[in-house]
Every structure is written in structure tokens, then in C-alpha cells.
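# Fold and contact review
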Amino acid sequence: QVQLVESGGGLVQIGGSLRLSCAASGRALSIYTMAWFRQAPGNEREFVAVISWSGGSTNLADSVKGRFSISRDNAKNTVYLQMNSLKPHDTAVYYCAARRGTRAATGVNDYEYWGKGTQVTVPS
């Protein structure tokens, strides 16, 4: 079992930046592939970014490439999502997720563990 807690969300102006953090407890984070998803009101939860257990491989959704980056510090059991050049379309609840194994999956159903989410709001 692993517990995930997101932080760092908030209200930010168009073009601003935020860094989300996901702190894990219960098991060593290094054995898990980690990802960020987001869900806007009325929409399905969608993939944002994934990082391999070692941090050597990442993948980002097309909608955030060039603006967001994902990283991890296994010594601190923490995963980060750096978000730059934020747009109103980025407004959503952002969720951290973990899965055992090395496959850098992008589907919601591929992930076993989820945090409760942190709200990011970019007013238009």
C-alpha cells in the first residue's frame, strides 16, 4: 500500500507557474511508476504526465508539452509537476497516481493508487 498526498495547487494568472508536489508514504516510491492526471468539471479524468521509477523516462500529454515537466526525488518519496505558461484550459483538479511495475502507462485504469487531488485554477 502507498498513500499519496498532493499539494501546491492554487489560483494563478494566465501565463503563471505552479509546482505541484506528491508526497508518498507507506512504501518506497522508487518501485512505482508515477503519473499526474487532471479532471475538469464535467470532463473525464485525463492523463497529464508520467515518469518511470528511475526518473530516466518521461512522457507528457500533447496539450502540456513544452509547458509542463515531471520529475521525482525517490530519496524524498516525492514527485513533482512543474507547470509553466498556464492557461484557463489547465484549470482542473490534479491527481497524483502510482502503479507497480515499469510500464509508463497513461490510462486511468492502469493506476492502483491515487491521491485526493489539488485544485489548480487559471481564470480567463
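In this report, we go over the structure that sits alongside the text. (Residues numbered from 1 in each chain as written. Predicted model: local features only at pLDDT ≥ 70, side-chain atom pairs only at ≥ 80, totals over all residues. Heavy atoms only, no water.)

### Some details on the overall build of the protein chain
- Counting its regular elements, the protein chain contains zero helices and 11 strands.
- Moving toward the C terminus, one meets the helices and strands of the protein chain in the order β-β-β-β-β-β-β-β-β-β-β.
- Computed over C-alpha atoms, the radius of gyration of the protein chain comes to 13 Å, within 12% of the 14 Å expected from 2.2 N^0.38 for 124 residues, which places it in the range of a compact globule.
- Principal-axis analysis of the C-alpha atoms places the extent of the protein chain at approximately 40 × 25 × 25 Å.
- Intrachain contacts of the protein chain at a sequence separation of at least 6 include 59% that bridge at least 24 residues.
- Of the roughly 6,100 Å² of accessible surface on the protein chain, a fraction of 47% belongs to carbon and sulfur atoms. (Helix = DSSP H or I, 4+ residues; strand = E, 2+ residues; numbered from the N terminus. Rg over C-alpha atoms; globule rule 2.2 N^0.38 Å. Contact = heavy atoms within 4.5 Å. Areas by Shrake-Rupley, 256 points an atom, 1.4 Å probe, with all protein chains shown as cover.)

### Structural notes on the sheet that holds strand 7 (residues 68-73)
- Across the sheet, four strands lie side by side as 1-3-8-7; this open sheet has antiparallel pairing. Edge strands, defined here as strands with exactly one partner in the open sheet, are strand 1 (3-7) and strand 7. Pairs of neighbouring strands in the sheet enclose a mean axial angle of 15°, with direction left out of account.
- Across six bridges, strand 7 lies against strand 8 (residues 78-83) in antiparallel orientation. Residue pairing across strands places Arg-72 opposite Val-79, the latter belonging to strand 8. (Pairing = 2+ DSSP bridges. Axes fitted to C-alpha atoms, helices over the stretch in contact; angles between N-to-C directions.)

### Brief notes about the packing of aromatic side chains
- Going through the model one piece at a time under the given rule, you end up with six aromatic pairs.
- Between the aromatic rings of Phe-37 and Phe-47, the centroid separation amounts to 5.9 Å while the plane-to-plane angle is 75°, which identifies the pairing as edge-to-face. Here Phe-37, found in strand 4 (residues 32-39), pairs with Phe-47, found in strand 5 (residues 46-51); they are 10 residues apart in sequence, far enough to count as distant. Each member of the pair, Phe-37 as well as Phe-47, is classed as buried.
- Ring centres of Phe-37 and Trp-114 lie 5.0 Å apart, and the angle between their planes is 55°; this geometry places the pair in the tilted category. Taken together, the residues span a long stretch of sequence, with Phe-37 in strand 4 and Trp-114 in strand 10 (residues 113-114) at a distance of 77 residues.
- Aromatic ring contacts, followed pair by pair, group Phe-37, Phe-47, Tyr-95, Tyr-111 and Trp-114 into a single cluster.
- One cation-aromatic arrangement involves Arg-45 over Tyr-95; the distance from NZ or CZ to the ring centre is 3.6 Å.
- Geometry around Trp-114 places Arg-45 over its ring, the cationic atom sitting 4.9 Å from the centre. (Phe/Tyr/Trp six-rings, centres within 6.5 Å; stacked < 30°, edge-to-face > 60°. Buried < 20%, exposed > 50% of the residue type's maximum accessible area, 1.4 Å probe, protein only. Lys NZ or Arg CZ within 6 Å of the ring centre and 35° of its normal.)

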